[in-house]
Each structure stands twice: as C-alpha cells, then as structure tokens.
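Tertiary structure, described
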Amino acid sequence: QVQLVESGGGLARPGESLSLSCAASGSTVRPEAMGWYRQAPGKQRELVARITRGTKTTYADSVKGRFTISGDSVKFAVYLQMNSLKPEDTAVYYCYSRYGGWSEEGMDYWGKGTLVTVSS
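Figured I'd write up the structure that's included with this text. (Residues numbered from 1 in each chain as written. Predicted model: local features only at pLDDT ≥ 70, side-chain atom pairs only at ≥ 80, totals over all residues. Heavy atoms only, no water.)

The strand order S1-S3-S8-S7 describes an open sheet built from four strands, whose pairing is antiparallel. Two strands in the sheet have a free side with no partner beyond their single neighbour: strand S1 (3-7) and strand S7 (67-72). Direction aside, the axes of adjacent strands within the sheet are offset by 15° on average. Two strands pair when backbone bridges link them, and strand S3 (residues 18-25) and strand S8 (residues 77-82) are joined in this way by six bridges, in the antiparallel orientation. Residue pairing for S8: Leu18 is matched across the bridge by Met82. (Pairing = 2+ DSSP bridges. Helix = DSSP H or I, 4+ residues; strand = E, 2+ residues; numbered from the N terminus. Axes fitted to C-alpha atoms, helices over the stretch in contact; angles between N-to-C directions.)

This is the structure:
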C-alpha cells in the first residue's frame, strides 16, 4: 500500500518562500506521476503542479514562474519550491501519485494534506 506524507507547510508572509516535500513509501515501482493539488477555503481543489516520470512538468497558470516542482525517482519523493508567495496561495496542499499507468487499472494515492497560510 502506497502512503504519501507531506511536510513543509506553515505560515509565510507575502513574498516569502516555502518548500513542500512529499515522501512515498510502500511501493518499489516508480509512479507515472507525482504532484500537488491544493484546495483553498470555499474553492474547488485544483492542480498546482505535476511531474511525470519522464520529467514533464505541468503548472497551474497562477503559479508559473513562482513555483518549481521536482522529483527524486530513487527516493520516490516530490518537492514543491514556492517562491514569491501570495495570499491567494493559502490552501491545503495535497500530494498525489499515480501508479499503474493512466488506464482504469491505475491508482491514485493522496496525502492527508499540509496547510500553507500566506498572510501579513
């Protein structure tokens, strides 16, 4: 069973930086993709960033140029460097991973979330 554990959330002031980490355990198979979603109060959950095992990255338009996702295929970990934080970045950030391809046979796994609060 795959488990994802996030860390690095907390409080930051606008313009500051935070780094999120997600460590996966319970599998020796490389995931198809890992990434981060977030859900702000009163908002729908949205994709923040994703990286495939082919190193293709995807970012939400709202974070392009500010956030950088990276992964470690050996450690099965994914990271999110968040720079120039804005109050609108405030949300619970969820780590996810995809295993077994993109068909219905594949499986998604989710972390429990880590809260990021950006406030002056």
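With that settled, the discussion passes to unusual backbone geometry. Here Thr55, not a glycine, exhibits a phi torsion of approximately 75°, which is positive. Here Thr55 is to be found in the loop between strand S5 (46-52) and strand S6 (57-59). Positive phi, close to 55°, is recorded for Phe76, a residue that is not glycine. Checked against the element boundaries, Phe76 lands in the loop between S7 and S8. Given a relative accessible area of 11%, Phe76 falls into the buried group. (Buried < 20%, exposed > 50% of the residue type's maximum accessible area, 1.4 Å probe, protein only.)

This paragraph deals with the nonpolar core. Among the nonpolar cores identified, the biggest contains 29 residues, and Trp36, Leu80, Met82 and Tyr93 are the most heavily contacted of them. At the level of secondary structure, the elements contributing two or more residues to this core comprise S3, strand S4 (33-39), S5, S7, S8, strand S9 (91-99) and strand S11 (114-118). Among residues more than four places away in sequence, those in contact with Leu80 are Leu18, Ser19, Leu20, Trp36, Val48, Ala49, Phe67, Thr68, Ile69 and Tyr93. (Core = buried A, V, L, I, M, F, W, Y, C linked by side-chain atoms within 4.5 Å. Contact = heavy atoms within 4.5 Å.)

Turning next to the state of the cysteines. All told, the structure shown has one disulfide when counted by the stated rule. Here Cys22 engages in a disulfide with Cys95; their sulfurs sit 2.0 Å apart. For the disulfide bridge between Cys22 and Cys95, the dihedral angle about the S-S bond is near -85°, and by the sign convention the bridge is left-handed. In this pair, Cys22 sits in strand S3 while Cys95 sits in strand S9, placing the two residues 73 residues apart along the sequence. By relative accessible area, Cys95 is classed as buried at 0%. (Disulfide = S-S within 2.5 Å.)

For S7 and S8, the ladder comprises six bridges, and the chain directions are antiparallel. Looking at the pairing, Asp72 lines up with Ala77 of S8. Where S7 folds back onto S8 in an antiparallel hairpin, the turn is made up of four residues, including Phe76, whose phi is positive at roughly 55°.

Now for the pattern of salt bridges. Side chains that carry opposite charge are capable of pairing whenever their charged atoms lie near each other. Scanning all chains against the criterion turns up seven salt bridges. For the salt bridge of Asp108 with Arg98, the shortest nitrogen-to-oxygen distance reads 3.3 Å. In this pair, Asp108 is assigned in strand S10 (residues 107-110) and Arg98 in strand S9, connecting sequence segments ten residues apart. Asp108 sits in the partly exposed class, given a relative accessible area of 40%. For Arg98, a relative accessible area of 9% translates into the label buried. Through salt bridges with shared partners, a single network forms among Arg38, Glu46, Arg66 and Asp89. (Salt bridge = Lys/Arg side-chain N within 4 Å of Asp/Glu carboxyl O.)

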